[in-house]
Amino acid sequence: MDHRYYMKIALEEGLKAFAQGEVPIGAVLVHQGQVISRAFNLRETEKDPTAHAEMLVIKQGSDVLGGWRLLDTTLYVTLEPCPMCAGAIVQARIPRVVYGAADPKAGAVDSLYRLLNDSRLNHQAEVIAGVMEDECKALMKDFFKKLRDQR
């Protein structure tokens, strides 16, 4: 599987978020080599604290596949998932997560917690970190620099 190919799509989604003034995180859900859902953060637009890119692609993916178990899928996301999103990944039984940049303030995959590899939970996921890390970090840095400059 070409992780860079799918991460580029997630970055495109992140750019859409940036253009809307949302924190520029994009996500893509791939099932058997096909993109079945793609999304970007919409917390500000939707005024919904759960409208993270990962949550949105999980919901869309469930609709496409017709069930809550997202077996044989890979979730690509530009930033390490937070505790809420990592919990949803476990609940959806997503077997593989690929992320770009670590999130030292809220990351629940490697940085602060390791929810996707906690043997006490009923599901664990393979984690591949650092795919297109520099590009993912740059997108976040550019966004927050723009916010600071506007103030």
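Note: the structure precedes this text.
Note that the structure is a prediction, hence the values are computed from the model and not measured. (Residues numbered from 1 in each chain as written. Predicted model: local features only at pLDDT ≥ 70, side-chain atom pairs only at ≥ 80, totals over all residues. Heavy atoms only, no water.)

A separate point is the overall build of the protein chain. Scanning the protein chain from terminus to terminus reveals 5 helices and 5 strands. Reading the helices (α) and strands (β) of the protein chain from amino to carboxyl end gives α-β-β-α-α-β-α-β-β-α. For 151 residues, the compact-globule estimate of 2.2 N^0.38 gives 15 Å, and the protein chain sits close to it at 14 Å. For the protein chain, the proportion of its 151 residues judged to be buried stands at 46%. Looking at the protein chain as shown, the accessible area adds up to about 7900 Å², and 51% of this sits on carbon and sulfur atoms. Of the side chains in the protein chain, 19 bear a positive and 20 a negative charge, and the two mean positions are spaced by 2 Å. (Helix = DSSP H or I, 4+ residues; strand = E, 2+ residues; numbered from the N terminus. Rg over C-alpha atoms; globule rule 2.2 N^0.38 Å. Buried < 20%, exposed > 50% of the residue type's maximum accessible area, 1.4 Å probe, protein only. Areas by Shrake-Rupley, 256 points an atom, 1.4 Å probe, with all protein chains shown as cover. Lys, Arg positive; Asp, Glu negative; His and termini not counted. Charge placed at Lys NZ, Arg CZ, Asp CG, Glu CD.)

Those residues of helix H4 (residues 83-92) that sit buried are Cys85, Ala86, Ala88, Ile89, Val90 and Ala92. Following H4 by one or two positions, arginine 93 adopts a phi angle in the positive range, close to 60°.

Right, let's talk about the packing of helix H3 (residues 53-65) against H4 for a bit. Working note: a packed helix pair is described by the angle between its axes plus the distance between those axes. Running from amino to carboxyl end, H3 crosses H4 at an angle of 20°, the nearest separation of the two axes being 9 Å. Taken together, the axis directions place H3 and H4 in an arrangement best described as roughly parallel. Read as a crossing pair, H3 and H4 show a hand that is left-handed. Along its contact with H3, which presents Glu54, Met55 and Ile58, the element H4 presents Met84, Cys85, Ala88, Ile89 and Ala92. (Axes fitted to C-alpha atoms, helices over the stretch in contact; angles between N-to-C directions. Parallel < 35°, antiparallel > 145°, perpendicular 65-115°, else oblique. Left-handed = near helix turned anticlockwise from the far one by under 90°. Contact = heavy atoms within 4.5 Å.)

Applying the stated criterion across every chain yields a total of 9 salt bridges. Note that lysine 16 and glutamate 13 form a salt bridge whose closest N and O atoms lie 2.9 Å from each other. Of this pair, lysine 16 and glutamate 13 both sit in helix H1 (residues 3-19), separated by 3 residues, roughly a single helical turn. Judged by its relative accessible area of 40%, lysine 16 is partly exposed. (Salt bridge = Lys/Arg side-chain N within 4 Å of Asp/Glu carboxyl O.)

Turning to the sheet that holds strand E2 (residues 34-40), a few remarks are in order. Spatially, E2-E1-E3-E4-E5 is the arrangement adopted by the 5 strands of the open sheet, whose pairing is mixed. Each end of this open sheet is capped by a strand with a single partner; those strands are E2 and strand E5 (126-129). The sheet shows a mean angle of 15° between the axes of neighbouring strands, taken without regard to direction. With 5 bridges connecting them, strand E1 (residues 26-31) and strand E3 (residues 73-79) associate as antiparallel partners. Directly across from valine 30, in E3, lies its bridge partner threonine 74. Its contacts with the sheet put helix H5 (residues 133-150) on E3 and strand E4 (96-101), and the angle it makes with E4 is roughly 60°. (Pairing = 2+ DSSP bridges.)

This paragraph deals with the pairing of E4. Among the 6 residues that make up E4, 5 are buried, leaving the element largely enclosed by the rest of the structure. Inspection of the sheet shows E3 paired to E4 by 5 bridges, in the parallel sense. Bridge assignment links valine 77 to a residue of E4, and that residue is tyrosine 99. With respect to chirality, the unit in which E3 leads through H4 into the neighbouring parallel E4 is right-handed. With 4 bridges joining them, E4 and E5 adopt parallel strand pairing. Within E5, the residue paired with valine 98 across the bridge is isoleucine 128. (Right-handed = clockwise from strand over helix to strand, strands pointing away.)

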